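Structural overview for review
Take a look at the letters that make up each chain.
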Amino acid sequence: MSDGRWFDGWSPWPELAGLAAAGRSLLPNVPVTPAALARTVTEQLVGRRLTAKVGDREVGLTLAELDYPADSLRLATGRLGDVRIVAEDVDWPESEEDGGSIPLRRVTVIAEDVRLRSLPTPAAIPARVRLEIAVSADVLRERVATVRPGIVAAPAGNGLLRIHWAKRPHWGHLTLRPQVADDAVVLLPQTLHIGQKKLRAPKQFRPIELPLPELPPGTRLTKVEPRHDELVLHAVAEEWPERLSRIPLADLLSWLTTAAMTLTLPKLGTRA
């Protein structure tokens, strides 16, 4: 059965047919089904440099991936599955007091088990929304040097970081394990490495606290993961599933098409 016949025939969400018609008016000369329209908009967005408003400041990002199983069967049965959005080279703003920005290598948003609801208006409802925020080893190095001048830090693998004294790198290094605190990442000393010897970390070496970048509202940091050349912050967006469930599908489509046509991410509002 073709996409068009599927949506003209049986569907628990007849509004989806109107959704395709609305999309055709926004982006003419594209397929008219919701699934085909979503794929077309995605192709126009991925790889493009976009801007978004965060408060009163503009944030630049490159959309690297927008992945979802948007076939007509899933749309018609109301179970979309997991939706994955990846943005790279994100200029995320610091706090208003600092005024600057922190370069984020990658921001990944994963909406899990997204389902479509018909009433009172067609909407997409994720079971959970997770975020992964990756910063480069250079950013990590700068942050540690700011709070502990003369110390050089780098990811060490196995979930650890390593630091050494900039003036005497041959003296050895100290490994640290990152731990999540309320408003900071705390680096806890683990093992001192001197040559082939492994010693318990000196008690006089205090943990290093790194202030967190200002995260999106409603997100909670759950884990910090050092990798080969980056540090990844894992977070759960606790308020987003309920907030996204109030956004009708027509508004989601309008948001995507506006982004594709203007390369600007508009504010995604909600209806009461």
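Residues numbered from 1 in each chain as written. Predicted model: local features only at pLDDT ≥ 70, side-chain atom pairs only at ≥ 80, totals over all residues. Heavy atoms only, no water.

**Remarks on the pairing of strand β10 (residues 184–194)**
Here eight bridges tie strand β9 (residues 173–180) to β10, and the two strands are oriented antiparallel to one another. Each residue of the ladder has a partner; that of arginine 177, found in β10, is leucine 188. Following β9, the chain reverses through three residues before pairing antiparallel with β10. Relative to strand β12 (residues 208–211), β10 runs antiparallel, the two being bridged by four bridges. Paired with alanine 184 across the bridge in β12 is proline 211. As defined by bridge partners, β10 adjoins strand β11 (residues 197–200) across four bridges and the pair is classed as antiparallel. Bridging from a neighbouring strand, isoleucine 194 pairs with lysine 197 of β11. The loop that links β10 with its antiparallel partner β11 comprises two residues; one of these, glycine 195, has a positive phi angle of about 65°. (Pairing = 2+ DSSP bridges. Helix = DSSP H or I, 4+ residues; strand = E, 2+ residues; numbered from the N terminus.)

**Some words on the confidence of the model for the protein chain**
Keep in mind that low pLDDT regions are not for reading the predicted coordinates in detail. For the protein chain, per-residue confidence averages 75 on the pLDDT scale, and 68% of positions sit at 70 or higher. Within the model, pLDDT remains below 50 along residues 1–28, and this stretch shows 47 contacts once partners closer than five positions in the same chain are excluded. (pLDDT = per-residue confidence, 0-100. Contact = heavy atoms within 4.5 Å.)

**Details of the environment of leucine 80**
Locating leucine 80 in the fold gives a position in strand β3 (residues 79–93). Look at leucine 80 and you get buried, because its relative accessible area is 12%. Taking C-alpha positions, leucine 80 is 9.3 Å from glutamate 112, a pair spaced 32 residues apart along the chain. (Buried < 20%, exposed > 50% of the residue type's maximum accessible area, 1.4 Å probe, protein only.)

**Considerations on the nonpolar core**
Ranked by internal contacts, the top residues of the largest apolar core, which has 45 residues, are Val90, Leu104, Val144, Ile163, Leu187 and Ile208. Take this core: its biggest share by element is seven residues, from strand β4 (residues 101–117). Not counting chain neighbours up to four residues away, the residues in contact with leucine 104 comprise Asp89, Val90, Trp92, Ile133, Ala134 and Val135. (Core = buried A, V, L, I, M, F, W, Y, C linked by side-chain atoms within 4.5 Å.)

**What about unusual backbone geometry?**
In the Ramachandran plot, aspartate 89 falls in the positive-phi region, its phi being about 50° despite a non-glycine side chain. Relative to the assigned elements, aspartate 89 resides in strand β3. According to the relative accessible area criterion, aspartate 89 is partly exposed, its value standing at 49%. Phi is positive for aspartate 113, which is not a glycine, with a value near 50°. By the secondary structure assignment, aspartate 113 is in strand β4.

**A closer look at the packing of aromatic side chains**
Counted by the stated rule, this structure contains one aromatic pair. Just above the ring of phenylalanine 205 sits the side chain of arginine 148; from NZ or CZ to the centre is 5.2 Å. (Phe/Tyr/Trp six-rings, centres within 6.5 Å; stacked < 30°, edge-to-face > 60°. Lys NZ or Arg CZ within 6 Å of the ring centre and 35° of its normal.)

**A closer look at the pattern of salt bridges**
Counted by the stated rule, this structure contains 13 salt bridges. Between arginine 105 and aspartate 229 there is a salt bridge, with the nearest N and O atoms lying 3.3 Å from each other. In this pair, arginine 105 is assigned in strand β4 and aspartate 229 in the loop between β13 (219–226) and β14 (230–237), connecting sequence segments 124 residues apart. On the basis of relative accessible area, aspartate 229 is assigned to the partly exposed category, the value being 36%. (Salt bridge = Lys/Arg side-chain N within 4 Å of Asp/Glu carboxyl O.)

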